[in-house]
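An overview of the molecular structure
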Amino acid sequence: MAQSLTLVCVTLPIVRLRVSAENLVVGRSSRCDLMVSDATVSRRHARVRCVREGLIIEDLGSRNGTFIGGERVRKGLAVVGSYVRFGQLDFQVLKSEELDDSARETEQAGVAAKQTQSNPLVEPVLSDAQQRVFELLFTGCREKEIAKRLGLSHHTVHNHIKSIYRIYGVHSRTELLAAALRLRQGRPEPKEPQ
């Protein structure tokens, strides 16, 4: 049985693409299995599939190319720890974490978030379930599309999003993106005018 691997964006680690045994298409289009919103990524950029040895990656005729370890490839194998680039976005291939009990994860994430609220430069910790929803929030998917992709009910996804907003101390997807980017760049929250 093939393992489950995750492509973690090196530039912006909040973007993560979880890959299983089936053939998944990476690209800019909302019709792709793994959507990446970046101008250097083609609408249908590459096909990825998880196998015992790593990820089989096949370029689908993209304009800016697909690279494994810095070398442009038409089709190749990316092992755990290696780097893959779609257009100008670099990803590292990592093993996906084992899924834990969702309730326990959410409780642990909430405790970690309370501990980090005093330091605005510490990134809050999300449960695995919240992290999967969090990643899809940045692809432009609506709540119903996130629910469909993750095989969850719309209400479960909505509750995860409310929890993520609460953990990050924001009220919208735009504020969440801004907060996450500030954390990645090590900048404190902007002060409200008085």
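What comes next is a walk through the structure. (Residues numbered from 1 in each chain as written. Predicted model: local features only at pLDDT ≥ 70, side-chain atom pairs only at ≥ 80, totals over all residues. Heavy atoms only, no water.)

The helix and strand tally for the chain stands at five helices and eleven strands. Here the chain holds 194 residues, and 42% of them are scored as buried. A separation of at least 24 residues holds for 45% of the contacts in the chain among residues at least 6 apart in sequence. For the chain, the accessible area works out to roughly 11300 Å², and carbon and sulfur atoms hold 49% of it. (Helix = DSSP H or I, 4+ residues; strand = E, 2+ residues; numbered from the N terminus. Buried < 20%, exposed > 50% of the residue type's maximum accessible area, 1.4 Å probe, protein only. Contact = heavy atoms within 4.5 Å. Areas by Shrake-Rupley, 256 points an atom, 1.4 Å probe, with all protein chains shown as cover.)

Take the packing of aromatic side chains next. If you walk through the whole model with that rule in mind, you get two aromatic pairs. Seen from the ring of F67, R85 lies directly overhead, with NZ or CZ sitting 3.9 Å from the centre. (Phe/Tyr/Trp six-rings, centres within 6.5 Å; stacked < 30°, edge-to-face > 60°. Lys NZ or Arg CZ within 6 Å of the ring centre and 35° of its normal.)

This brings us to the pattern of salt bridges. If you walk through the whole model with that rule in mind, you get two salt bridges. In this structure, the salt-bridge partner of E58 is R47, at a minimum N-O distance of 3.4 Å. In this pair, E58 sits in strand β6 (residues 54–59) while R47 sits in strand β5 (residues 46–51), placing the two residues eleven residues apart along the sequence. For E58, a relative accessible area of 26% puts it in the partly exposed group. Looking at R47, the relative accessible area reads 25%, which means it is partly exposed. (Salt bridge = Lys/Arg side-chain N within 4 Å of Asp/Glu carboxyl O.)

A few words now on the nonpolar core. Ranked by internal contacts, the top residues of the largest apolar core, which has 23 residues, are L7, V19, V48, L55, I57 and F86. Of all the secondary-structure elements, those providing two or more residues to this core are β1 (5–9), β2 (16–19), β3 (24–27), β5, β6, β10 (83–86) and β11 (89–95). Apart from the residues lying within four places of it in its own chain, the contact partners of L55 are L5, L7, V19, R49, C50, G76, L77, A78 and V93. Counting residues in each nonpolar core, the second largest holds 20 residues, with L136, Y168, V170 and A180 among its members. (Core = buried A, V, L, I, M, F, W, Y, C linked by side-chain atoms within 4.5 Å.)

Bringing the pairing of β11 into the picture now. Where a strand is regular, its side chains alternate between the two sheet faces. Relative to β11, β1 runs antiparallel, the two being bridged by five bridges. By the bridge assignment, C9 is partnered in β11 with F91. Where β10 meets β11, four bridges bridge the pair, whose relative direction is antiparallel. Note on β11: the bridge partner recorded for F86 is L89. Taking the residues between adjacent antiparallel strands as the criterion, β10 and β11 are bridged by two residues, where G87 takes a positive phi near 60°. (Pairing = 2+ DSSP bridges.)

Reading across from one edge, β4-β3-β5-β6-β9 is the order of the five strands in this open sheet, with mixed pairing throughout. Where the open sheet ends on each side, the last strands, each with one partner, are β4 (34–35) and β9 (75–78). In the sheet, β6 pairs with β9 via four bridges, with the strands oriented antiparallel. Looking at the pairing, L55 lines up with A78 of β9.

This part is about the environment of G81. Along the chain, the position of G81 falls in the loop between β9 and β10. The class of G81 is partly exposed, set by a relative accessible area of 32%. Separated by ten residues in sequence, G81 and F91 place their C-alpha atoms 9.8 Å apart. When residues no more than four places from it in sequence are discounted, the contact partners of G81 are Q92 and V93.

Among the ten residues that make up helix α2 (residues 128–137), nine are buried, leaving the element largely enclosed by the rest of the structure. All of the buried residues in α2 are D128, A129, Q130, Q131, V133, F134, E135, L136 and L137.

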